[in-house]
Each structure stands twice: as C-alpha cells, then as structure tokens.
Amino acid sequence: TIKIWDVVSGKEIHSLKGHTPGVKSVCYSPNGQYLASGSEDNTIKIWDIVSGKEIHSLKGHTKSIRSVCYSPNGQYLASGSLDNTIKIWDSNKNTIHT
C-alpha cells in the first residue's frame, strides 16, 4: 500500500493499493500529476495523484523493481531491478524505450 498525505494537515489523502507484494520505490512526476511505484511483483504502476487511481501497469522486468525515477522533463521513467537491468520507459507511450 502507498499512502499519500497532506503534509500540512497530516491527513491521509489516498491509499493506493494494487501491488502484491511490497512496494520498494515511489517517485512523483516532475509536474506532480503522477506517482510511479516499483514493486516486488515486477511491475511499475503509474497513479493519478488527484483521483488516486492506477492508470497504467508497466511490465518488462523479470525480478523485483528496486528503484523508479522520472527524468527532469517527465518524458522518461527509469527503473532498476534485481534482474540486473535498468529500463527506460517512454512515459508518453508507457513503453520501454529502445
């Protein structure tokens, strides 16, 4: 589960559920509209921050994802995995960039 909190009030805004098992990394997109999460289930999920809904599930790694990070312009998302690979995803197409 990923929890999004209002840091001023301390109140929970969203509880994001969809990964099974545990989440290992999260990262906000540069524009603040999306959250990427990487998990032990070998997937990356892209979440809409306002609605709290999962909008994409990216598959391509064969082992647990340990790190996700958006590029400064938000066009790409990098992911690192225990499968000894780093993948670069095109965030506009939600595909692996080759």
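For the structure itself, consult the block above.
All values derive from a computational prediction rather than experimental measurement.

### What to know about the sheet that holds strand E6 (residues 54-59)
The pairing of strands in a sheet comes from backbone hydrogen bonds and takes either a parallel or an antiparallel form.
Argument step 1. What the four strands build is an open sheet, ordered E3-E4-E5-E6; its pairing is antiparallel. Both edges of this open sheet fall to strand E3 (23-28) and E6, since each of them pairs with a single strand only. Neighbour-to-neighbour, the strand axes of the sheet open up by a mean angle of 20°, direction not taken into account.
Argument step 2. As paired strands, strand E5 (residues 43-48) and E6 are joined by five bridges and run antiparallel to one another. Bridged to threonine 43 within E6 is lysine 59.

### Examining the pairing of E5
Argument step 1. The buried fraction of E5 is high, at five of six residues.
Argument step 2. When strand E4 (residues 34-39) meets E5, the two strands line up antiparallel, connected through five bridges. Looking at E5, one finds that tyrosine 34 is bridged to aspartate 48.
Argument step 3. Once E4 ends, the chain turns through three residues before running back antiparallel as E5, passing asparagine 42 with a positive phi of about 70°.
Argument step 4. Taking the residues between adjacent antiparallel strands as the criterion, E5 and E6 are bridged by five residues, where glycine 52 takes a positive phi near 80°.

### Details of the nonpolar core
Argument step 1. In terms of nonpolar packing, the biggest core is built from 10 residues, these being Cys27, Ala36, Ile44, Ile46, Leu58, Ile65, Val68, Tyr70, Leu77 and Trp89.
Argument step 2. Contributing elements (two or more residues each) for this core: E5 and strand E7 (65-70).
Argument step 3. Counting residues per element, this core draws most heavily on E7, which supplies three residues.
Argument step 4. Discounting chain neighbours no more than four positions away, the residues touching isoleucine 44 are His19, Ala36, Ser37, His56, Ser57, Leu58, Ile65, Val68, Leu77, Ser79 and Trp89.

### Some points on the pattern of salt bridges
Argument step 1. Scanning the model with the defined rule gives three salt bridges in all.
Argument step 2. Between lysine 45 and glutamate 54 there is a salt bridge whose closest N-O contact spans 3.5 Å.
Argument step 3. On the basis of relative accessibility, which here comes to 36%, the residue glutamate 54 falls in the partly exposed class.

Calculation rules
Residues numbered from 1 in each chain as written. Predicted model: local features only at pLDDT ≥ 70, side-chain atom pairs only at ≥ 80, totals over all residues. Heavy atoms only, no water. Pairing = 2+ DSSP bridges. Helix = DSSP H or I, 4+ residues; strand = E, 2+ residues; numbered from the N terminus. Axes fitted to C-alpha atoms, helices over the stretch in contact; angles between N-to-C directions. Buried < 20%, exposed > 50% of the residue type's maximum accessible area, 1.4 Å probe, protein only. Core = buried A, V, L, I, M, F, W, Y, C linked by side-chain atoms within 4.5 Å. Contact = heavy atoms within 4.5 Å. Salt bridge = Lys/Arg side-chain N within 4 Å of Asp/Glu carboxyl O.

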